[in-house]
Every structure is written in structure tokens, then in C-alpha cells.
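Listed below, chain by chain, are the residues.
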Amino acid sequence: MAHWLFKSEPFKFSFADLKARGDAGTEWDGVRNYLARNNMRAMQVGDQGFFYHSNEGLAVVGICEVIAPSHPDSTSADPRWDCVDVRAVRDLKRPVTLAEIKAEPSLSKMSLVTSMRLSVQPVTDEEWETVLAMAGR
């Protein structure tokens, strides 16, 4: 299983919004960046990701799971854009802020630190475990 990070502005779509969709989840649509799209194309059903609130909160707040592989984004007529479907798994025991992540030396190469603007990012197994530990598992 691979790990990822999905970024969303909470006033547009929050982790609470994803949880409200239940097991049916939703498309992670509207991504218009080639690297982020390619990351979604690499995802497999069952992969898990952190849900990160960007702009407001600036924190990893929950865990989501890929429930459908990459497919055409229903919000675009352009066939270049794909998305995956995700569902909420659980809240973190406590949010882990961007400031905390930046202060942790072992996370200095995490995409969240080095590629701030990328909306869908890979997370290494080591980064995954470190963030979970910071959240209190």
C-alpha cells in the first residue's frame, strides 16, 4: 500500500465534508496540475492518504482511503484530467500542523515541506509513521 497527502481548503471541501459522504466517498476532482494528476494515476484502491487543510488550519487532520482507481474527472470535458475516488477513514487523534511538520527534522524532505503548492503528494512510509506518531497514532 502506498501513502499520499490530499490538500483541500476547508472552506471549499473539508474533512468533515468528506466524512459526511460516508462509505460512498467522492471524486477528488478539479485537480489541474500534471504532477498531481500523475500521482492520482499511480494510486491503487486501498491506498491511504492524509487529508490536509490548506490555507485555513494548515494541518493534517484525517486519513482517507482511495476507493476507486484513476478515471476521467467528471468536472472536466478535457480528457487529460483524471481523478480518484476517496472516502474518510478517521480523524487523527489530534491535528498535526504544518509548523510541527516543518520543525521535525526527519520530515524535512516531505513533499508537504518541499512542494507546498502540489495538491496531491506522495508520502513515504517513514513520513507516514512519523506524522501518525506526532498525532498520537
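Located above this text is the structure these notes cover.
In this convention, every chain numbers its residues from 1, walking through the sequence in written order. The predicted nature of this model means local features are confined to residues of pLDDT at least 70 and side-chain atom pairs, given and counted, to a pLDDT of 80 or more, with totals for whole chains, interfaces and linings taken over all residues. Values reported for side chains reflect all heavy atoms of the structure, with hydrogen atoms and water molecules removed beforehand.

Caption draft 1: Representation of the sheet that holds strand β1 (residues 3–8) within the structure. One bridge is not enough; two strands pair if DSSP finds at least two bridges between them. Only DSSP runs of H or I reaching four residues or more are called helices, and only runs of E reaching two or more are called strands; each is numbered from the N terminus. The mixed open sheet is built from six strands, whose spatial order is β2-β5-β4-β3-β1-β6. Since the sheet does not close on itself, it has two edges, and those belong to β2 (26–27) and β6 (120–123), each with one partner. In the sheet, strand β3 (residues 48–53) pairs with strand β4 (residues 59–72) via six bridges, with the strands oriented antiparallel. Across the sheet, the residue bridging to glycine 49 is cysteine 64, located in β4.

Caption draft 2: Structural detail: the packing of aromatic side chains. Only Phe, Tyr and Trp rings take part, Trp by its six-membered ring, and two of them pair if their centres are within 6.5 Å. Stacked means planes under 30 degrees apart, edge-to-face means over 60, and tilted covers everything else. For the coordinates displayed, the defined rule picks out six aromatic pairs. Measuring from centroid to centroid gives 6.3 Å for phenylalanine 13 and tryptophan 28, while their planes differ by 80 degrees, and the two rings are edge-to-face. On the criterion of sequence distance, the pair formed by phenylalanine 13 in the loop between β1 and α1 (15–20) and tryptophan 28 in the loop between β2 and α2 (34–41) is long-range, its members being 15 residues apart. Throughout this description, buried means an accessible area under 20% of the type-specific maximum (1.4 Å probe, protein chains only), exposed means over 50%, and partly exposed covers the range between. The exposure class of tryptophan 28 is buried, given its relative accessible area of 7%. On the basis of an interplanar angle of 55 degrees and a centroid distance of 5.2 Å, the ring pair of phenylalanine 15 and phenylalanine 51 is categorised as tilted.

Caption draft 3: Spatial organisation of the nonpolar core. With 21 residues, the main nonpolar core has Phe6, Leu18, Trp28, Met40, Met43, Val84 and Val120 as its most contacted residues. The residues contacting valine 84, other than those within four sequence positions of it, are Phe6, Thr26, Glu27, Trp28, Met40, Met43, Val66, Ala68, Pro69, Ser70 and His71. In this text, buried Ala, Val, Leu, Ile, Met, Phe, Trp, Tyr and Cys residues form a nonpolar core when linked through side-chain atoms within 4.5 Å. In terms of nonpolar packing, the next biggest core, distinct from the first, is built from 18 residues, Leu98, Met110, Trp128 and Val131 among them. Residue contacts are counted whenever heavy atoms from the two residues lie within 4.5 Å of one another.

Caption draft 4: Geometry of unusual backbone geometry. With a phi close to 65 degrees, asparagine 55 is a non-glycine residue in the positive phi region. Counting through the fold element by element, asparagine 55 comes out in the loop between β3 and β4. Among the residues examined, asparagine 55 registers a relative accessible area of 54% and is labelled exposed. The phi dihedral of leucine 58 falls on the positive side, at around 45 degrees, and the residue is not glycine. Relative to the elements of secondary structure, leucine 58 occurs in the loop between β3 and β4.

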